[in-house]
Amino acid sequence: MTDYKFEGWLGLDASSAEGKMQWGEFEPKPWEETDIDIKISHCGICGSDLHTLRSGWVVRVGSQVKHLALGDRVGVGAQSDSCCSRMGKPCEACESGQENYCPNKHVGTYNGVYLNGGKSYGGYATYNRVPARFAVKIPEGISSAEAAPMLCGGVTTYAPLKHHGAGPGKTVGIVGLGGLGHFGVMWAKALGADKVVVISRTNAKKEDALKMGADEFIATAEDPRWGKTHANTIDLIVCTVSQTDMPVQDYFNLLKFDGVFVQVGLPDDGFPTFQQKPLIFKRIKITGSLIGSPDDIREMFDLALAKGVKPWISTIPMKDANQAIIDFEKGAPRYRFVLENEPEAKASL
């Protein structure tokens, strides 16, 4: 038995996405000796999940956990379990440290079901329980508030940039300058890319992009010749937007021979249709990427420390989570909202 309660903001129906969550107690997953309990200090807000990433302190440690101790400051990303926990021999993805691509059991940090039948409730809460394998130590030099959005939005852009060789000699394009895109710009620069180009509809965020490290900014709605002017100039594009009417054909034309287009945004109505000609005549590759593994998160933290990468965040008291969701849906974050637990977190509920 613990001397603390698991309480948090509960999304009881579809109206919760409109800022109508209710505060209440919840039952964490049944305890296993491979688990830890976390006292949550901060939780980021992400467009695809609204309840995922969190950071805090370890307050209970299972007897089989060797890499974490009481009082450690840790973070958990958008995934908190996979088949590597207890399904016999791990799958190839889990065995190679790519748990985020586990084909057998991918448990999200919210709205998921663990292998022992327990449910995952996310990070808008006071405490949470997760398998320790998916908790990563937060290094000194990175605050918990800064770490929280890195655990999902940060690693979602870091992982494909690293995997596809963003670095010296490469020109990298980032489509969209929102929560994901702003991380993409900073990671591409930190990885040593020769040039980072932001592709957005208007120039409204151009000044911010340049402050983040972008070298060039393309405003597609304001420059009718952008496709021709910048054709065949980019080696790698990471697309963070989710619109089904985005001009992907024009994005492909920006790529050089053997260029790579990585989609990380998830369009509700599917990926736009396109002509195959660039695939054939320029041998470009179209691929996707899903969040990141615990190892990816560790590497990302190391890079952030080494290069001084800090997300652009606004901290909001946990008690104001409902209003934060409303403001998030209006596009208010510049560029990530982070909920912060206070001693009086249950006030004004």
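Counting of residues starts from 1 at the beginning of each chain's written sequence and follows it residue by residue. Only residues with pLDDT of 70 or above have their local features reported here, since the model is predicted, and side-chain atom pairs are shown and tallied only from 80 upward, although totals for entire chains, interfaces and linings are computed over all residues. For side-chain calculations, the full set of non-hydrogen atoms in the structure is used, while hydrogens and water are omitted.

Rules: UniProt positions are given in the numbering used here, feature names are shortened, and annotations may be inferred rather than shown by experiment.
Per an unreviewed UniProt entry, the chain goes by alcohol dehydrogenase (NADP(+)) and derives from Podospora anserina. Database annotation for the chain, UniProt heading Catalytic activity (unreviewed entry): "a primary alcohol + NADP(+) = an aldehyde + NADPH + H(+)".

## Considering the packing of aromatic side chains
What counts, and what does not: When two rings of Phe, Tyr or Trp (its six-membered ring) have centres within 6.5 Å they constitute a pair, described as stacked for plane angles under 30 degrees, edge-to-face for angles over 60, and tilted for the intermediate range. A helix here means a DSSP run of H or I that spans at least four residues, while a strand means a run of E at least two residues long, and both kinds are numbered starting from the N terminus. Burial classification: accessible surface area is computed with a 1.4 Å probe over protein chains only, and a residue below 20% of its type maximum counts as buried, one above 50% as exposed, and the rest as partly exposed. For a ring to carry a charge above it, either NZ of a lysine or CZ of an arginine must fall within 6 Å of the ring centroid while also lying within 35 degrees of the normal to the ring plane.
Counting across every chain of the model gives 15 aromatic pairs. Judged by centre distance (5.9 Å) and plane angle (75 degrees), the ring pair of Tyr158 and Trp187 falls under edge-to-face. Highlighted residues: Tyr158 in helix 2 (residues 144-163) and Trp187 in helix 3 (residues 179-190), separated in sequence by 29 residues. For Trp187, a relative accessible area of 0% translates into the label buried. An aromatic cluster is defined as three or more aromatic residues linked by ring pairs; in this entry it consists of Trp226, Tyr251, Phe252, Phe261, Phe271 and Phe274. The ring centre of Tyr114 lies 5.2 Å from the NZ or CZ of Lys29, which sits over that ring. When the ring centre of Phe281 is taken as origin, the NZ or CZ atom of Lys277, which lies over that ring, is 5.6 Å away.

## Brief notes about the packing of helix 2 against helix 3
Any two packed helices are characterised by how steeply their axes cross, that is the angle between the axes, and by the distance between the axes. Note the cut-off: Structural elements are reduced to axes, namely lines fitted to C-alpha atoms, with helices fitted over the stretch in contact, and the angle between N-to-C directions of any two is expressed from 0 to 180 degrees. For classification, angles of less than 35 degrees are called roughly parallel, those exceeding 145 degrees roughly antiparallel, those between 65 and 115 degrees roughly perpendicular, and all remaining angles oblique. Helix crossings get a hand from a simple test, with the near helix turned counterclockwise from the far one by less than a right angle marking a left-handed crossing and a clockwise turn marking a right-handed one. In what follows, a contact means two residues having at least one pair of non-hydrogen atoms within 4.5 Å. Only Asp, Glu, Lys and Arg are considered charged in this grouping, and only Ala, Val, Leu, Ile, Met, Phe, Trp, Tyr, Cys and Pro are considered nonpolar; every other residue, Gly among them, is considered polar.
Direction vectors running N to C along helix 2 and helix 3 enclose 55 degrees, while the axes themselves pass 9 Å from each other. As the angle between them shows, helix 2 and helix 3 are arranged oblique. Regarding helix 2 and helix 3, the two cross each other, and that crossing is right-handed. Contacts from Pro149, Met150, Gly153, Gly154, Thr156, Thr157, Tyr158 and Leu161 of helix 2 reach helix 3 at Leu180, Phe183, Gly184, Trp187 and Ala188. Broken down by class, the residue content of the contact of helix 2 with helix 3 amounts to eight nonpolar, five polar and no charged.

## Remarks on the side chain of Asp235
To be explicit about the condition: Any pair of nitrogen or oxygen atoms within 3.5 Å is treated as a polar contact; in protein, a donor-acceptor pairing is required on top of that, and neighbouring residues in sequence qualify only through side-chain atoms on both sides.
By the element assignment, Asp235 lies in strand 15 (residues 234-239). Here the side chain of Asp235 touches Thr171 through a polar contact of 2.7 Å, landing on its backbone nitrogen. Separated by 3.4 Å, the side chains of Asp235 and Lys256 make a polar contact. Among residues more than four places away in sequence, those in contact with Asp235 are Gly169, Lys170, Thr171, Leu255, Lys256, Gly259 and Val260.

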